[in-house]
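Architecture and fold: a report
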Amino acid sequence: MAELAIPPQEESVVEGSYLENLNGRKGITAWIFSTDHKRIGILYLIALFSFFSVGVILGILLRLEMLSPGGKLFSPQAYNALFTLHGVVMIFLFVIPGIPVTLGNFFLPIQIGAKDVAFPRLNLLSWYLYVIGSIVILTALFWRGLPDTGWTFYVPYSLRTTTGVTIAVFGVFIVGFSSILTGLNFLTTIHRLRAPGMTWFKMPLFVWALYATAWVQIIATPVLAITLLLIVISRVFGLGIFSAAAGGDPVLYQHLFWIYSHPAVYIMILPPMGIVSEIIATFTHRTIFGYKAIAMSSLAIAFIGYLVWGHHMFVAGMSQQADFIFSFLTFLVAIPSGIKVFNWVASMYKGSIDPQPPFLYVMAFMVLFCIGGLSGLVLGSLATDVHLTATYFVVAHFHYIIFGGGVFIFFGALHYWLPKMFGRMYNKKIASWALVDMFMGFNLLYFPMFVMGYEGMPRRYFTYLPQFETMQRISVVGSWILVAGLIVMFVNLIHGSMKGPRVGNNPWGGTTLEWSTPSPPPHENFETEPVVTQEPYYHEEALTK
Ligand code: HEM
Ligand SMILES: [Cu+2]
């Protein structure tokens, strides 16, 4: 692996790179009117992690309430509003837009050898829609108060509550279009803008993951849009489509909501899975095991993922047939996910592993994702789900998968690609120790929730029975340890990207196209259009082992 060449003199990293303002534009306008995919990716990065910070603060407050039973800190109403906003912010403003709009926007065109995405102005519009939608959601704070329904906005309560559900739901509706337009842009880019020689089976696995995700964004998101619009129309005009008293059906809402929201979990997890393949190939110095199987498993997960939404409704009164079918299909999804995990482990076998921070994040992901996945199988089986649904077991399950899986890899991807984006390196020791601290805090925070849920602790309650006190307190302390690690990680990354030692084109010895460009990349990514001849993740020395 090429050692970092740190040049003696301090020369500006900006010159000639996308960070240099063009056409005499200065300051913020050079950013918010730019159609450059790299700049739009960074605009999203700033917005998303600002919302993530808000979401974390809300999460910490939710935990603080549990320091002792009896709801000492917040009223029941305030607690309901807290977990609703926490869920809405984390799901709709952070993890669903997530990796595609930030690192996908920045690296997709470069990884396929293109100058930009297919529709640069549409890309900028999708960012505006994201910002406008987020602001509309938050205005609920000042207009009738924060919604108190939970992030799922279940009827009939969301039709009755006097809080700002209408405006919040309308905000989510707007943000949804940002997701649809991003999917459309990426799909067209991958089909039309690949460099000469970049055939489908020469594409990096991150690009395959974004491709599968784009299909889910385009097909599933309109279902959520219609459903939320029906909530708005029902609240404003009294349309009875979800009200039993008016001849409507409240369970229909649950079907429509999860027909989007379950495939949406694959919008959250497929891009991180693509990045795991990238990082493993780079830090094991091996050609990835089962490239085609991994690529196809992304499409298989996206497809089967449309067919399992009913596993969120095993106690909603569906027929036994429906229960059995949805439970069976839920197990089916585990197969392509298992293929990925198996191929990742096989790729590490006999690899010469370089345990750099991005790779350590993949190790943490492997443990947390598997705990999340296996607990998902427990929830997918009818007999146990009837016992565990709507308890802390579910809260632990989705935090392990979404946060421990998806978001930990988002952090790992920042450690992998920020040196490329800003041309400077962070402190690797601090990065590794911050991860160790976060891994411990995370498990202290969420693992007790599996146990409490199994013992009957319901989710969304502002108080609890004395028998849960010890475990609630362990979980609260875990949340503080986790947040301490998060702060150290962010400070280290931001300081490193602004002041850290310079890096060359390829600090990690990666083999995909972005590592052939300067760090940071130039405006048009490549001086001359690259011609691709190599298989992805081609490692000469690996072939001799
Ligand atoms: C330090 C970080 C975090 C903490 C301390 C935290 C804590 C919590 C707690 C305690 C609840 C359960 C509230 C209850 O049912 O009584 C909750 C719910 C939830 N969390 Fe988190 N969380 C964190 C990060 C995240 C992340 C990163 C995501 C997703 C990307 C997320 C998504 C959710 C969702 C969707 C809910 C369900 C809200 C509802 O019931 O409507 N959380 N969180
Ligand atoms: Cu689901």
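Structure's up top.
Structural notes, computed from the coordinates. (Residues numbered from 1 in each chain as written. Chains lettered and ligands numbered in written order. Predicted model: local features only at pLDDT ≥ 70, side-chain atom pairs only at ≥ 80, totals over all residues. Heavy atoms only, no water.)

**A word on the overall build of the chain**
Scanning the chain from terminus to terminus reveals 16 helices and 0 strands. The C-alpha radius of gyration of the chain comes to 23 Å, within 12% of the 24 Å expected for a compact globule of 545 residues. Across the 545 residues in the chain, those meeting the buried criterion constitute 59%. Carbon and sulfur atoms form 71% of the exposed surface of the chain, whose accessible area is close to 21,400 Å². (Helix = DSSP H or I, 4+ residues; strand = E, 2+ residues; numbered from the N terminus. Rg over C-alpha atoms; globule rule 2.2 N^0.38 Å. Buried < 20%, exposed > 50% of the residue type's maximum accessible area, 1.4 Å probe, protein only. Areas by Shrake-Rupley, 256 points an atom, 1.4 Å probe, with all protein chains shown as cover.)

**What about the coordination of the iron atom of ligand 1?**
The protein atoms that coordinate the iron atom of ligand 1 are H86 (NE2) and H399 (NE2), at distances spanning 2.0 to 2.1 Å. What the 6 donor atoms of the iron atom of ligand 1 show is an angle range of 87 to 180° at the metal, which sorts the shape as octahedral. Of this pair, H86 sits in helix 3 (residues 76-95) while H399 sits in helix 14 (residues 392-422), placing them 313 residues apart in sequence. (Donors = N, O, S within 2.8 Å, 3.2 Å for Na, K, Ca; no water. Tetrahedral: all angles 85-135°; square planar, octahedral: opposite > 155°, others 65-115°.)

**What about unusual backbone geometry?**
Following V155, the chain continues to P156 via a peptide bond in cis, the omega torsion being 0°. Of note, P156 is situated in the loop between helix 5 (120-139) and helix 6 (157-160). Going from S519 to P520, the amide bond is cis rather than trans, its omega being -5°. The residue P520 is located in the segment after helix 16 (469-499) in this model.

**Considerations on the coordination of the copper ion (ligand 2)**
The copper ion (ligand 2) binds to the protein through H262 (ND1), H311 (NE2) and H312 (NE2); the donor distances cover 1.9 to 2.0 Å. Sequence spacing of the donors to the copper ion (ligand 2): H-x48-H-H. With H262 in helix 9 (residues 250-284) and H311 in the loop between helix 10 (291-304) and helix 11 (320-348), the pair connects residues that are 49 residues apart, well separated along the chain. Look at H311 and you get buried, because its relative accessible area is 15%.

**Description of the site of ligand 1**
Residues in close proximity to ligand 1 total 26 residues, the closest being Y79, H86, H399, R459 and R460. W151 is positioned with one of its backbone polar atoms (N or O) 3.0 Å from an oxygen atom of ligand 1. With respect to ligand 1, the side chain of R459 contributes an N or O atom lying 2.9 Å from an oxygen atom. Counting only elements with at least two residues in the shell around ligand 1, the list comes to helix 2 (37-64), helix 3, helix 14 and helix 15 (428-454). Top element by residues in the shell around ligand 1 is helix 3. It accounts for 7 residues. Class assignment of the residues belonging to the shell around ligand 1 gives a composition of 18 nonpolar, 5 polar and 3 charged. (Near = heavy atom within 4 Å. Polar contact = N/O pair within 3.5 Å; in protein donor to acceptor, adjacent residues only side chain to side chain. Nonpolar A, V, L, I, M, F, W, Y, C, P; charged D, E, K, R; others polar.)

**Thoughts on the packing of helix 14 against helix 15**
Remark: helix 14 packs on helix 15, axes separated minimally by 8 Å, with the N-to-C direction vectors making an angle of 165°. With respect to helix 15, the axis of helix 14 lies roughly antiparallel. Between helix 14 and helix 15 lies a crossing of left-handed hand. Packed against helix 14, whose contacting residues are Y392, F393, V395, A396, H397, H399, Y400, F403, G404, F408, F411 and H415, the element helix 15 presents A431, L435, M438, F442, N443, Y446, F447, M449, F450, M452 and G453 at the interface. (Axes fitted to C-alpha atoms, helices over the stretch in contact; angles between N-to-C directions. Parallel < 35°, antiparallel > 145°, perpendicular 65-115°, else oblique. Left-handed = near helix turned anticlockwise from the far one by under 90°. Contact = heavy atoms within 4.5 Å.)

**Some words on the environment of A118**
Structurally, A118 is set in the loop between helix 4 (98-111) and helix 5. Its relative accessible area of 24% is what places A118 among the partly exposed residues. Measuring from C-alpha to C-alpha, the distance between A118 and N185 comes to 6.0 Å, with 67 residues separating the pair along the chain. If we ignore the near neighbours within four places in the chain, the residues touching A118 are N185, T188, T189 and L193.

**So, the packing of aromatic side chains**
Inspection of the entire model under this criterion finds 54 aromatic pairs. Summarising the aromatic geometry, the rings of F403 and F442 are spaced 5.3 Å apart at their centres and angled 80° between planes, so their arrangement reads as edge-to-face. Within this pair, whereas F403 is found in helix 14, its partner F442 is found in helix 15, the two being separated by 39 residues in sequence. Of the residues examined, F403 reaches a relative accessible area of 11% and is grouped as buried. (Phe/Tyr/Trp six-rings, centres within 6.5 Å; stacked < 30°, edge-to-face > 60°.)

**Describing the nonpolar core**
Judged by nonpolar contacts, the single largest core of 176 residues is most densely connected at F52, F411, W417 and M421. In terms of residues, this core owes the most to one element, helix 14, which gives 21 residues. Ignoring anything within four residues of it in the chain, the contact list for F411 reads F49, F52, Y361, F403, M438, L486, M489 and F490. (Core = buried A, V, L, I, M, F, W, Y, C linked by side-chain atoms within 4.5 Å.)

**Examining the pattern of salt bridges**
Any two side chains of opposite charge can pair, given that their charged atoms come close. Tallied over the full model, the rule gives 3 salt bridges. Its salt-bridge partner being K38, residue D36 comes within 3.2 Å of it at the nearest N-O pair. Side by side, D36 and K38 carry an identical accessibility label, which is buried. Across the pair E524 and K115 runs a salt bridge whose closest N-O atoms are separated by 4.0 Å. (Salt bridge = Lys/Arg side-chain N within 4 Å of Asp/Glu carboxyl O.)

**Notes on a nonpolar patch on the surface**
Where nonpolar side chains cluster on the molecular surface, the patch consists of L67, V477 and W480 and spans about 240 Å² of accessible area. The exposure class of W480 is partly exposed, given its relative accessible area of 41%. (Patch = residues over 30% accessible without salt bridge, like charges linked within 9 Å, V, L, I, M, F, W, Y side chains within 5 Å.)

**Focus: the side chain of S432**
As for its position among the elements, S432 is in helix 15. In this structure S432 comes out as buried when scored by relative accessible area, which is 18%. The contacts of S432, once residues within four sequence positions are left out, are P357 and L360.

Geometric values such as these leave the question of function open.
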